[in-house]
Number of protein chains: 2
Amino acid sequence: MTKLPSNLTNSIKLLRTKLDLTQDDLAKKTNCSRQTINAIEKNKYSPSLLLAFKIAYILETNIDEVFGIE
Amino acid sequence: MTKLPSNLTNSIKLLRTKLDLTQDDLAKKTNCSRQTINAIEKNKYSPSLLLAFKIAYILETNIDEVFGIE
DNA sequence: ACATAATGTAAAAAATATTTTACACTGTAA
DNA sequence: TTACAGTGTAAAATATTTTTTACATTATGT
């Protein structure tokens, strides 16, 4: 990563299924909609940092394990 | 942190001054406005995850060192 | 005291994230 | 085959983030 990063990646699906959670489960636990989880999981847009923290918290890890940058 | 986290904190000013950068410097390097850096630094709102990553990158550390949650 | 750099702030507009409602598709269990 | 859970997606509305312009305040150097 030599330049200013600009592309997000994520391992939500991997971590989520490891905990046997559906998109809907994760949505409810993070207080957002299933569509939002789906969109973030499929990289439709960059979530707010707060939501990213919540997702990492529910997935029992930290942001850098859930999201990456390129 | 026993509950779903909901309050952000940050060490932007500390890390920024350690690198001798002004708000404007950091803004330019992260491709955002000085007002945005100022607002985030003063916790006015939760930035996008992408901007958070960029800030951490310019501050030569990772998100968890720059931002915290309560 | 003066000039200037850095920061704080505000309001309106623009861009982006998120919700809501709704429906289609896939796989799987009965 | 039917029913249902899980996922993908779309469009409109709403909420939030970010930009832009502009000005006030604070600190610092001369």
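Residues numbered from 1 in each chain as written. Chains lettered and ligands numbered in written order. Predicted model: local features only at pLDDT ≥ 70, side-chain atom pairs only at ≥ 80, totals over all residues. Heavy atoms only, no water.

1. Topic: the overall build of chain A
Moving on, step 1. Counting its secondary structure elements, chain A contains 5 helices and 2 strands.
Moving on, step 2. Reading chain A from its N end, one meets helices and strands in the order β-α-α-α-α-α-β.
Moving on, step 3. For chain A, whose C-alpha radius of gyration is 12 Å, the value lies close to the compact-globule estimate of 11 Å for 70 residues.
Moving on, step 4. Counting only C-alpha atoms and orienting by the principal axes, one finds that chain A spans roughly 35 × 20 × 20 Å.
Moving on, step 5. For chain A, restricting intrachain contacts to residue pairs at least 6 apart in sequence, the fraction spanning at least 24 positions comes to 60%. (Helix = DSSP H or I, 4+ residues; strand = E, 2+ residues; numbered from the N terminus. Rg over C-alpha atoms; globule rule 2.2 N^0.38 Å. Contact = heavy atoms within 4.5 Å.)

2. Looking at the protein's contact with DNA strand D
Moving on, step 1. Near DNA strand D there are 19 residues, and of these Gln23, Arg34 and Asn38 of chain A together with Gln35 and Thr36 of chain B occur at the shortest range.
Moving on, step 2. The contact atoms of DNA strand D, taken as those within 4 Å of the protein, divide so that sugar and phosphate hold 58%.
Moving on, step 3. In this structure, lysine 42 of chain A approaches DNA strand D through a side-chain N or O atom, which is 3.3 Å from a phosphate oxygen.
Moving on, step 4. Mapped by element, the contributors of at least two residues to the surface near DNA strand D are α3 (34-41) of chain A together with α3 (34-41) of chain B.
Moving on, step 5. Each residue belonging to the surface near DNA strand D can be placed in one class, and the counts come to 4 nonpolar, 10 polar and 5 charged. (Near = heavy atom within 4 Å. Polar contact = N/O pair within 3.5 Å; in protein donor to acceptor, adjacent residues only side chain to side chain. Nonpolar A, V, L, I, M, F, W, Y, C, P; charged D, E, K, R; others polar.)

3. A look at the interface of chain B and chain A
Moving on, step 1. Each side of the interface is counted separately: chain B has 27 residues, and chain A has 27 residues.
Moving on, step 2. In this assembly, chain B and chain A are joined by 0 salt bridges.
Moving on, step 3. Taken together, the links from chain B to chain A amount to 6 residue pairs in polar contact (both at pLDDT 80 or more).
Moving on, step 4. For the side of chain B that touches chain A, the secondary structure elements donating two or more residues are α4 (49-58), α5 (63-66) and β2 (67-69) of chain B.
Moving on, step 5. It is α4 of chain B that contributes the most residues to the side of chain B that touches chain A, 7 residues altogether. (Salt bridge = Lys/Arg side-chain N within 4 Å of Asp/Glu carboxyl O.)

4. A word on the pattern of salt bridges
All names here are of chain A.
Moving on, step 1. This model, assessed by the stated rule, comprises 4 salt bridges over all chains.
Moving on, step 2. Salt-bridge contacts for arginine 16 lead to glutamate 41; the nearest nitrogen and oxygen are separated by 2.9 Å. With arginine 16 in helix α1 (residues 12-18) and glutamate 41 in helix α3, this residue pair connects regions lying 25 residues apart in the sequence. Each member of the pair arginine 16 and glutamate 41 is classed as buried. (Buried < 20%, exposed > 50% of the residue type's maximum accessible area, 1.4 Å probe, protein only.)

5. Remarks on α3 of chain B
Moving on, step 1. Here α3 of chain B has its buried residues at Thr36, Ile37, Ala39, Ile40 and Glu41 of chain B.
Moving on, step 2. The secondary structure elements touched by the buried residues of α3 of chain B are β1 (8-10), α1 (12-18), α2 (23-29), α4 and β2 of chain B.

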